[in-house]
Amino acid sequence: MDKISSLVGRYSFRAQVFFNGVFCDANAFPQDDTSGQLHLVRSGPAIFRRDGAAPLRVDEPAMVFYPRGSAHTLEVPDGASATLLCAHIRFEDGGANPLARALPECLYQPLAGMDALRQTLDLLFTEAASPNQGRDVILDRLCDVLMIQMLRREFEQGELSVGLLAGLADRQLSLALAAIHERPQEPWQLESLARLACMSRARFTEHFRNVVGMPPGEYLTRWRIGLAQNLLRKGLPVKVVSAEAGYTSAPAFTRAFTTMVGVSPRQWLKEAAPVE
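### Here's the deal with the pairing of strand β7 (residues 72–75)
Along any regular strand the residues' side chains alternate between the sheet's two faces.
Item 1. Along β7, the buried face is formed by H72 and L74; none of T73 and E75, which line the opposite face, is buried.
Item 2. Bridge count for strand β2 (residues 26–29) against β7 is four bridges, and the pairing is antiparallel. Directly across from A26, in β7, lies its bridge partner E75.

Structural data, given as structure tokens:
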């Protein structure tokens, strides 16, 4: 199974470039619960600051990514300038998106160590420097591609110690996670999921919590509610959505949805942003 494509298809995102050029000032980014911020430093120096973390000075080409829109500042020392390309990465459902939750608060990677992304980065920077028509749309799409390749790189290298991608990279947990993703409507129990992972209940529960960052039952509920939100956006009635998401009745689904989201499915749908 193509796990990354399955995840991106279920929990989509889109990039929107908001800066491309030479920067010689300072900018503060407030907490943003709807999108993350991607900063590609083509040449430094650039300094990134975030509460609770040491300042990050970037002198060589690098990627700095805040998946959950953490408040941070970007500044260039007096008398210097940096060449940057910056984009908002708008995850569906913002910071609650499992893809955003799977990544660290801040992801920093020197571009010199990202050979698998080299062709995309070269094309991205070439397009960024061109005056051609359609450049803005192409840059947005290339940032989308770059994000998918970055997710694949993190997954393949096993660099994430906690989160969804780490769970998918785990030989035993991936079997249970794949079953949840592919067949969320089944009446999964702790015993059946542990059996798929070839583990005891106790060991499965402990290992799942340590790797994924939450208990199996909570993950199953979050996945089902995320699926339900997608189906609601498509206009399916609550009764149909509840069955597709694995609930025995519409009232049971409504209770679970309201407990996790804070409002009923119908109220959430009224307030939710339309699908673009």
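### Points about the sheet that holds strand β8 (residues 82–91)
Item 1. Taken in spatial order, the five strands line up as β1-β8-β3-β6-β9 in an open sheet, and their pairing is antiparallel. Across the chains shown, the open sheet's two edge strands, defined by having one partner strand only, are β1 (13–23) and β9 (107–110). On average, each strand axis in the sheet is inclined to that of its neighbour by 15 degrees, with strand direction left out of account.
Item 2. Both strand β3 (residues 36–43) and β8 contribute to a ladder of seven bridges, which runs antiparallel. Within β8, the position partnered with L40 by the bridge is L85.
Item 3. Most of the contacts of helix α3 (residues 118–128) go to β3, to which it runs at about 80 degrees, and overall it touches β1, β3 and β8.
Item 4. Its contacts with the sheet place helix α4 (residues 135–157) against β1, β3, β6 (62–66), β8 and β9, and it is angled at close to 110 degrees to β1.

### Describing the sheet that holds strand β4 (residues 46–49)
Item 1. A sheet is described by the order of its strands in space; here four strands give the open sequence β2-β7-β4-β5, paired in antiparallel fashion. Each edge of the sheet is formed by a strand with only one pairing partner; in this case those strands are β2 and β5 (56–58). Across the sheet, the mean angle separating the axes of adjacent strands is 15 degrees when strand polarity is ignored.
Item 2. Taken together, the three bridges between β4 and β7 define a ladder with antiparallel strand orientation. Paired with R49 across the bridge in β7 is T73.

### Concerning the packing of helix α6 (residues 173–182) against helix α9 (residues 216–233)
Item 1. Running from N to C, α6 and α9 cross one another at 30 degrees; their axes reach a closest spacing of 10 Å. Accordingly, the angle class assigned to the pair α6 and α9 is roughly parallel. When the axes of α6 and α9 are compared, the crossing they make is right-handed. The segment α6 lies against α9, with L177, I180 and H181 engaging Y219, L220 and W223.
Item 2. Its residues assigned to classes, the contact of α6 with α9 comprises five nonpolar, one polar and no charged.

### Here we look at the side chain of S242
Item 1. Assignment of secondary structure puts S242 in helix α10 (residues 238–244).
Item 2. Not counting chain neighbours up to four residues away, the residues in contact with S242 comprise Y247, S249, A250 and F253.

### Details of the packing of aromatic side chains
Item 1. Enumeration over the complete set of coordinates arrives at nine aromatic pairs.
Item 2. Centre to centre, the rings of F257 and W268 are 5.9 Å apart; their planes meet at 70 degrees, and the pair counts as edge-to-face. With F257 in helix α11 (residues 250–261) and W268 in helix α12 (residues 265–271), this pair connects stretches of sequence that are 11 residues apart. The same class applies to F257 and to W268, which are both buried.
Item 3. An aromatic cluster is defined as three or more aromatic residues linked by ring pairs; in this entry it consists of F204, F208, Y219 and W223.
Item 4. When the ring centre of Y247 is taken as reference, the NZ or CZ atom of R224 above it lies at 5.8 Å.

### Brief notes about α11
An α-helical turn contains 3.6 residues, so any two residues separated by three or four positions project in the same direction.
Item 1. The terminal C-alpha atoms of α11, which comprises 12 residues, lie 16 Å apart, in line with the 16 Å expected from a rise of 1.5 Å per residue.
Item 2. Restricting attention to buried positions, one finds in α11 the residues A252, F253, A256 and F257. Looking straight down α11, one finds its buried side chains confined to an arc of 130 degrees; they lie on one side. Residues of α11 that are exposed and angled more than 90 degrees away from the buried face: R255 and T259.
Item 3. Against the buried residues of α11 lie α9, α10 and α12.
Item 4. Backbone geometry just after α11 places G262 at a positive phi near 100 degrees.

Rules used in this analysis
- Residues numbered from 1 in each chain as written.
- Predicted model: local features only at pLDDT ≥ 70, side-chain atom pairs only at ≥ 80, totals over all residues.
- Heavy atoms only, no water.
- Buried < 20%, exposed > 50% of the residue type's maximum accessible area, 1.4 Å probe, protein only.
- Helix = DSSP H or I, 4+ residues; strand = E, 2+ residues; numbered from the N terminus.
- Pairing = 2+ DSSP bridges.
- Axes fitted to C-alpha atoms, helices over the stretch in contact; angles between N-to-C directions.
- Contact = heavy atoms within 4.5 Å.
- Parallel < 35°, antiparallel > 145°, perpendicular 65-115°, else oblique.
- Left-handed = near helix turned anticlockwise from the far one by under 90°.
- Nonpolar A, V, L, I, M, F, W, Y, C, P; charged D, E, K, R; others polar.
- Phe/Tyr/Trp six-rings, centres within 6.5 Å; stacked < 30°, edge-to-face > 60°.
- Lys NZ or Arg CZ within 6 Å of the ring centre and 35° of its normal.
- Expected span 1.5 Å × (residues − 1).
- Arc of directions from axis to C-beta.

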